[in-house]
Structure formats: structure tokens, C-alpha cells
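Secondary and tertiary structure notes
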Amino acid sequence: MSADFPDPRPVAPLSCDAFRERVHERDELPASERRAFERHADGCRPCARLLLEVERLDDLLLQWHAPAPAAGAIDDKIVAALRGEGPTASCAETNASLHHFVGGDLEPWLAARVERHLVRCDSCRDHLDEVQHSRKVWLAWRAPDPPEALAERIVRRLEPATRAARRRRRAFDLVFGAVAVPRVAAALVLTSLTLLAIGVMRARGGGTVGPAQQRIEENGDTPIFSYGQPTTIVPLHTPRFEAPAGRSDATDSFSPALWPGEKGSLRRAMHGH
Amino acid sequence: MDDLDFQTLELARAGDLDAYREFVRAYERPIHHTVFRLVGSRFSAEVEDITQDVFIKLFRALPQFDPGRGTKLSSWVFTFVKNYCFDVLKRRRLPMISIDAGEDGATIPIPSRSQGPRDELSSREIQEAIARAVGLLPREQRLAFVLREYEGLAYAEIAEISQCSEGTIKSRIHRAKEALRFRLRRLLFDTEGELP
């Protein structure tokens, strides 16, 4: 909401107690509560003083974690406070730091200031008493202990998942494991080289001559085909069968039944022995 | 809370279930207590299930924990607890708690005045009243308060878990304690304005 156009909605008045409760979380209040808070601080002098003190304390708290000062550079005020000298804490500062004081979390020099104030302020001693009692109350809150078998139940729930993970890991190792990897790699390289060699031979049009082709070449026949050359159809070399002695009909046909008793004639005719 | 020895932690990180059993035994009490206090009495029946789920998640994430980074194991563990509990609260769509809740004391069941809080601090009614009062805290305040007051974690650790500065944590704890003091005020007084 712009400052030129103030929110016209009415603001519910805030009590001093409510103000006191909100003073530590003033920066996080929603807009409507924030306006009520500020309006109360404008109209109530003690609460305005409290707000001022709390803001001062917040500044001090922010200094808690400042880098440690170099030796000899410690603030004189801190040294004086630790010695029990110098100004004591105000009521507002004391009230705002009592929880840390009771919990032992206050810096020693701040605690010394608060202690000296508590010695002479009855009201703040009452407040201290209340803070101590409230702490005693909430520390009495007991949480139930876990059941005895909790660890076993958790491990039992984990076992199937662990087994499945182990199976996955084993399958992975089998394929990509330390032992299998060189074997697989070697097989892949070998296959690649073989394929490459075949490809190169085909590209050159050469290659090893097989026995069938060699025989054809020895007989002076044109091969049926050769790599890289057009295919030519040639008549196959077919042996002529000579008629056995006493038979005059030379024929290409073959029928063992024609020459009964002439076993092996086909083999002899084809191979000459 | 004792951190595990290095060897057990390494075995647990490698997936050894016996080592993880030791891990669970070391952390089951603080985690169970913290879950109970964070999710509140409304889910008290589910605290064990939530604790188990947290441990299952921890087991799966444990290999990612790197002790060399300087993170304490307890901080890392409680970060999981926080995230899981906040997820649970978010999933169940718990209403956001107003800072005014319980201001009049009517929302918190108060035990009868005849019972002196000093004598019967562990009585069931008072336990419920405290649980209710803590449950009314905003969750970030509740987390900081629970980890500090009940688990004794250092401010720096809580800051790491909550991913904010130590100053913010101190401020949250202070606000939580002030709110509790107001809400539990009627537990403290037998008669108006006087301590028992």
C-alpha cells in the first residue's frame, strides 16, 4: 500500500500484552497486524520504549557471531561488563534476553549485565521466575520411546530392496563388469576387423580363389562370375560319357539301369578312375 | 547423540544391512522423539511409520553422504527428518497456526487447578497441554525449539538443518519460548498472577 493512499480499512486495537507478544516477530507480521502494532507503539509510551530496547537488543544479538576481535581489541564496554562494572541491562533488555539467560546461551558479558540488573529489579526477578518455571514445564514433555523391534522392522523392509539392488549390480557386472569388459571389447574389435577386411576385399575386386573357381580356370573355362566384373553365362563343362566296351551308344544321359553290372561306371566316367 | 564410528558408517554407506542396523539403533530414539514432537499428537499413531520411512530414505541416500565435506552426520540425519516431517504435514494439509491461537488459553486443554504443576508435571493432561502448545508454534519455530530444547543440538547445527543463519535460529527459539510461556501461563499459576 502506497504511503499516499493509506489503507482505509479499520485496524483493531492491540492490547499491551498482544504488543509484547508480537514485538519479537514484528518484521514478519501481516500488513493488518503490522499497522495495529505500529499504531499501538505510537500511542503507548511504555510499549514504544520496549520496542526501542528490543531493537537495541536485536542489534546486540546480531553481533554475537561477528568475527572474534583481535587480541587487545576487545571492546572496553564488554570488559567492564565482565568485571561487573559499567551500565546494567534495562528491564526491556533483561526481559528480552531471559530465555537465553536461563538456557545458558547468553554471551558472558551480556549475562553479566542481566545478572546485575536482576539483583536490583524485583519485577524482572519475577519474570525470571516465570521463565524458569515455564522451561521446567515444557522440559517435562516426554516423547514415547521407539518400540524395541524398530531396527529389525526397518532392516526387514530394506532386505528385498537390497537383494534387488544386488541382483541389478550383478547383472550389470556381468555385462560391464571388470572381467567381462575386456572380453566383450576384444570380441567387438575382432568382429569389426573381420568386417573391415571383407569390405576392403570387395572394394578391390579380389579375394582368395576358391577350389571350384581354380578348377574352372585350370580347365580354360571362363568363370561364371568374378568380383567386380560383369557376369557372363557360359556352358558348364560337362563330361561326356563314353560307352562301355561293347556298347556303341555314347550318351550324356545317365541311367545305371542301362548298364546293369557296371557298378562304379558313373564315378569312372566323371573322374576317370 | 553419539555419531557412529567411521568403519560402521562406511559399511552402512556400502549397503551393509548389519552396519545399518547399528546406524538405526544409534539414531532411533532421537529420530522417533523428534518426529513425535514435530508432527504432533494428531499423528501419534503414525509416528513409528514415519520414523521407518525416514530410515528407509536415509538408507537410500546414505551413499551420498560425504563426511569429508565437514557436515556432521547428525545434522544430515535431522535434515532428512525435518524434510520428511514437513512433507507429511504439508500432504495432510494441516492448517497454518495463527500466532493468536491459544492466546486466551481456551484452545489448550488445561488441567484442573487442584493439580499443582510442580507435583504432577508428568500427568497426562499436562503432557497433552504442552504438546498442544508446542503444536501451535509455526513449524520452523517448532523445529528450532525441539532440536535445541529436547535434542540439545547446537545453534550452528540447527542453522545448517534449517538453512538459515544462527541469528535467525536464536530469534526463532526466543519467539517460540515466549509464545509457549504465554500459552502455558495458566499451567504455571494456581491463582491469578501468582506462581504456585
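To be clear, the structure that these remarks concern was listed above.
We now turn to the structure provided with this report.

**Some remarks on the overall build of chain A**
When its secondary structure is counted, chain A shows 11 helices and zero strands. Counted from the first residue to the last, chain A has its helices and strands arranged as α-α-α-α-α-α-α-α-α-α-α. Looking at chain A as a whole, 28% of its 273 residues qualify as buried. Partitioning the contacts of chain A with sequence separation of at least 6, the portion at a separation of at least 24 is 54%. When the accessible surface of chain A is split by element, carbon and sulfur atoms take 57% of a total near 18900 Å².

**Looking at helix α1 (residues 6–13) of chain B**
Residue and element names in this part refer to chain B. Within α1 the residues assigned to the buried category are T8, L9 and A12. Viewed along the axis of α1, the buried residues span an arc of 100°, placing them on a single side of the element. Turned more than 90 degrees from where α1 packs its buried face, F6 and Q7 sit exposed. Buried residues in α1 make contact with α2 (17–39), α3 (47–61) and α4 (73–91). In the stretch just after α1, G15 is the one whose phi turns positive, near 100°.

**Comments concerning the side chain of H127(A)**
Residue and element names in this part refer to chain A. Assignment of secondary structure puts H127 in helix α7 (residues 122–139). Among the residues examined, H127 registers a relative accessible area of 7% and is labelled buried. Engagement of the side chain of H127 in a polar contact is seen with the side chain of N95, the distance being 2.5 Å.

**Some points on the pattern of salt bridges**
Overall, the coordinates contain 19 salt bridges over all chains when judged by the stated rule. Among the ionic pairs, R125(A) bridges to D122(A), the shortest N-O distance being 2.2 Å. Taken as a pair, R125(A) and D122(A) lie in helix α7 at a separation of three residues, close to a single helical turn. Given the relative accessible area of 35%, R125(A) is considered partly exposed. Via salt bridges that share partners, E152(A), D18(B), R21(B), E22(B) and R25(B) belong to a single interconnected network.

**What to know about the state of the cysteines**
Residue and element names in this part refer to chain A. Enumeration according to the criterion identifies zero disulfides over all chains in this entry. The structure places no disulfide on C16, whose sulfur is separated from the nearest cysteine sulfur, that of C47, by 3.7 Å. Taking relative accessible area as the criterion, C16 reaches 39% and is therefore assigned partly exposed.

**Digging into the interface of chain A and chain B**
Contacts between the two partners involve 45 residues from chain A and, on the opposite side, 49 residues from chain B. Between chain A and chain B, roughly 5200 Å² of surface is buried when both sides are summed, and carbon and sulfur atoms account for 59% of that area. The tally of links between chain A and chain B comes to eight salt bridges. In this structure, E152(A) engages R25(B) in a salt bridge whose closest nitrogen and oxygen atoms are separated by 3.1 Å. At the junction of chain A with chain B, the criterion picks out 22 residue pairs in polar contact (both at pLDDT 80 or more). If you list the elements that add at least two residues to the side of chain A that touches chain B, you get α1 (16–22), α5 (91–102), α7 and α8 (150–176) of chain A. Counting residues per element, the side of chain A that touches chain B draws most heavily on α7(A), at 11 residues. Here the residues of the side of chain A that touches chain B sort into 19 nonpolar, eight polar and 18 charged.

**With respect to the nonpolar core**
Within the largest apolar cluster, 67 residues are counted, with the highest numbers of intra-cluster contacts made by Y20(B), F23(B), I31(B), F55(B), L58(B), V77(B) and F145(B). In this structure Y20(B) touches I154(A), L158(A), A12(B), F55(B), L58(B), F59(B) and L62(B), once residues within four positions along its chain are discounted. Core analysis: the next-biggest nonpolar cluster, separate from the first, contains 15 residues, V23(A), L29(A), C44(A) and A92(A) among them.

**Description of a positive patch on the surface**
Residue and element names in this part refer to chain A. On the surface, R163, R167, R168, R169 and R170 cluster together to form a positively charged patch. Mapped onto the elements of the fold, R167 is located in helix α8. Owing to a relative accessible area of 51%, R167 belongs among the exposed residues under this scheme.

What counts, and at which threshold
Residues numbered from 1 in each chain as written. Chains lettered and ligands numbered in written order. Predicted model: local features only at pLDDT ≥ 70, side-chain atom pairs only at ≥ 80, totals over all residues. Heavy atoms only, no water. Helix = DSSP H or I, 4+ residues; strand = E, 2+ residues; numbered from the N terminus. Buried < 20%, exposed > 50% of the residue type's maximum accessible area, 1.4 Å probe, protein only. Contact = heavy atoms within 4.5 Å. Areas by Shrake-Rupley, 256 points an atom, 1.4 Å probe, with all protein chains shown as cover. Arc of directions from axis to C-beta. Polar contact = N/O pair within 3.5 Å; in protein donor to acceptor, adjacent residues only side chain to side chain. Salt bridge = Lys/Arg side-chain N within 4 Å of Asp/Glu carboxyl O. Disulfide = S-S within 2.5 Å. Buried area = accessible area lost by both parts, 1.4 Å probe. Nonpolar A, V, L, I, M, F, W, Y, C, P; charged D, E, K, R; others polar. Core = buried A, V, L, I, M, F, W, Y, C linked by side-chain atoms within 4.5 Å. Patch = residues over 30% accessible without salt bridge, like charges linked within 9 Å, V, L, I, M, F, W, Y side chains within 5 Å. Lys, Arg positive; Asp, Glu negative; His and termini not counted. Charge placed at Lys NZ, Arg CZ, Asp CG, Glu CD.

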